[in-house]
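# Understanding the architecture of this molecule
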Amino acid sequence: MSLSLLMIMDPIESINIKKDTSFGFLMEAQRRGWDIYYCLPKDLSLDENQVVAHCAALEVFNEVGAHFRLKSKRYMKASDFSTIFMRKDPPFDMNYIYSTYLLELALESGTLVVNNPRSLRDCNEKLFTAWFPQFTPKTLVSANKSQIKNFVKHQKDVILKPLDGMGGASIFRVKATDPNISVIIETLTQHGNQLAMAQTFIPEIKQGDKRILIVNGEVIPYTLARIPSSGETRGNLAAGGTGVPMPITESEKNIAEQIAPELMKRGLYFVGLDMIGNYVTEINVTSPTCMRELENEYGINIAAKLFDGIENNIS
């Protein structure tokens, strides 16, 4: 019996296949002879205690502008699939959480879900760094304006950011003398009603915000350094940063290897660790990217490492 994959992701017609990690996974599954299927999160349902996906069989092609072909959609039980990938980009809203509940039921019925849906809920990509304080910059998470202003006063140069953002959205660099500090805090915390994160500014951002991939607990020996554009403090590619592939440093590798066992314990098989200098700033678990850039630069197959592990798990 052939193996099968259901890919839950954003609309496939809008992706950039040269950079999209989910597309790379689909290509690898197809190369291995897997049957591949596709749906959006809204296509999941619970019907008489069965998790069901309204999905379509899929073919993918490494051709810009003609990269996929879908067959007619039909209803399939989650238990029909060997594995399900949840690769929906943030925002991490209530609909996302509802999807993880359904996927947790699918997991309990015997279908491997990557990444583990409970861990997708538990491991907020910014807050999860608190489980590894020895590797993080000084950090405050609060909705209290006075508390945040006091943190900025003592740390002098600080990054403020929401806990649910992606792609560098709504990230601010502030100093105690910034005339806009109050309105920035009010905006991020929705006037004291929503938690936000403050971290000491790390000057090494000039050398890049490094994306380190950890696959089945193995640290990939190359990173993508996302270099901020002139006048920017954000390296995110979506914010205009430039991706520069480079070998991982010994220090980065050592830190990533200390974090990797906890990721595996939580069923986090594909993770993007973000580091600036020797500090971990985020642990991306929902839909980490940068795999395709590293594969193309170094002629390696990172997706194969993930599928090797999956096939061992479900054999």
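Preceding this paragraph is the structure being described.
Read on for an overview of the structure.

This part covers the overall build of the protein. Within the protein one finds eight helices and 16 strands. Relative to the 2.2 N^0.38 estimate, which gives 20 Å for 315 residues, the radius of gyration of the protein is 20 Å and therefore close to what a compact globule would have. In terms of its C-alpha atoms, the protein occupies a principal-axis envelope of roughly 65 × 45 × 40 Å. Sorting the 315 residues of the protein into buried and exposed places 52% on the buried side. Of the contacts formed within the protein by residues at least 6 apart in sequence, a portion of 67% connects residues at least 24 apart. For the protein, the accessible area works out to roughly 14,600 Å², and carbon and sulfur atoms hold 49% of it. Distance from the positive charge centre (33 side chains) to the negative charge centre (36 side chains) of the protein: 5 Å.

Before going further, it helps to spend a moment on the state of the cysteines. Tallied over the full model, the rule gives zero disulfides. Cysteine 55 provides the cysteine sulfur closest to cysteine 39, a residue in no disulfide bond, and the two sulfurs are 6.1 Å apart. According to the relative accessible area criterion, cysteine 39 is buried, its value standing at 1%. Cysteine cysteine 123 remains unbridged, with the sulfur of cysteine 290 as its closest cysteine sulfur at 20 Å.

Summarising burial for strand S11 (residues 196-200): five of the five residues are buried, a large majority. Here S11 shows no split at all, with Ala196, Ala198 and Thr200 on one side and Met197 and Gln199 on the other all buried. Where strand S8 (residues 139-142) lies against S11, four bridges are found, and the strand directions are antiparallel. The residue of S11 that forms the bridge with leucine 140 is alanine 198. In this sheet, S11 lies alongside strand S9 (residues 157-162) in antiparallel orientation, the contact comprising five bridges. Considered in S11, the bridge of isoleucine 159 is made with glutamine 199.

Turning our attention to helix H2 (residues 94-108). For H2, with 15 residues, the first-to-last C-alpha span of 21 Å sits near the 21 Å given by 1.5 Å per residue. Restricting attention to buried positions, one finds in H2 the residues Tyr96, Ile97, Ser99, Thr100, Leu102, Leu103, Glu104 and Ala106. Buried residues in H2 make contact with strand S1 (4-8), strand S3 (44-47), strand S4 (50-60), strand S6 (83-86), strand S7 (112-114) and helix H3 (117-122). Count one or two residues on from H2 and you reach glycine 110, which has phi positive near 115 degrees.

The next thing to look at is unusual backbone geometry. Look at the link from valine 114 to asparagine 115: it is a cis peptide, with omega at -10 degrees. Relative to the assigned elements, asparagine 115 resides in the loop between S7 and H3. A positive phi angle, near 50 degrees, is found at glutamate 48, a position not held by glycine. Locating glutamate 48 in the fold gives a position in the loop between S3 and S4.

So, about the packing of aromatic side chains. This structure, assessed with the given rule, holds ten aromatic pairs. A centroid spacing of 4.8 Å and a plane angle of 40 degrees characterise the contact between phenylalanine 92 and tyrosine 96, whose relative ring orientation is tilted. For phenylalanine 92, a relative accessible area of 28% corresponds to the partly exposed category. Within the aromatic cluster, the residues linked to one another by ring pairs are Phe25, Trp34, Phe85, Phe270 and Phe307. Taking the ring centre of phenylalanine 201 as reference, the NZ or CZ of arginine 173 above it sits at 3.7 Å.

Criteria and cut-off values
- Residues numbered from 1 in each chain as written.
- Predicted model: local features only at pLDDT ≥ 70, side-chain atom pairs only at ≥ 80, totals over all residues.
- Heavy atoms only, no water.
- Helix = DSSP H or I, 4+ residues; strand = E, 2+ residues; numbered from the N terminus.
- Rg over C-alpha atoms; globule rule 2.2 N^0.38 Å.
- Buried < 20%, exposed > 50% of the residue type's maximum accessible area, 1.4 Å probe, protein only.
- Contact = heavy atoms within 4.5 Å.
- Areas by Shrake-Rupley, 256 points an atom, 1.4 Å probe, with all protein chains shown as cover.
- Lys, Arg positive; Asp, Glu negative; His and termini not counted.
- Charge placed at Lys NZ, Arg CZ, Asp CG, Glu CD.
- Disulfide = S-S within 2.5 Å.
- Pairing = 2+ DSSP bridges.
- Expected span 1.5 Å × (residues − 1).
- Phe/Tyr/Trp six-rings, centres within 6.5 Å; stacked < 30°, edge-to-face > 60°.
- Lys NZ or Arg CZ within 6 Å of the ring centre and 35° of its normal.

By themselves, these observations are geometric and do not establish any function.
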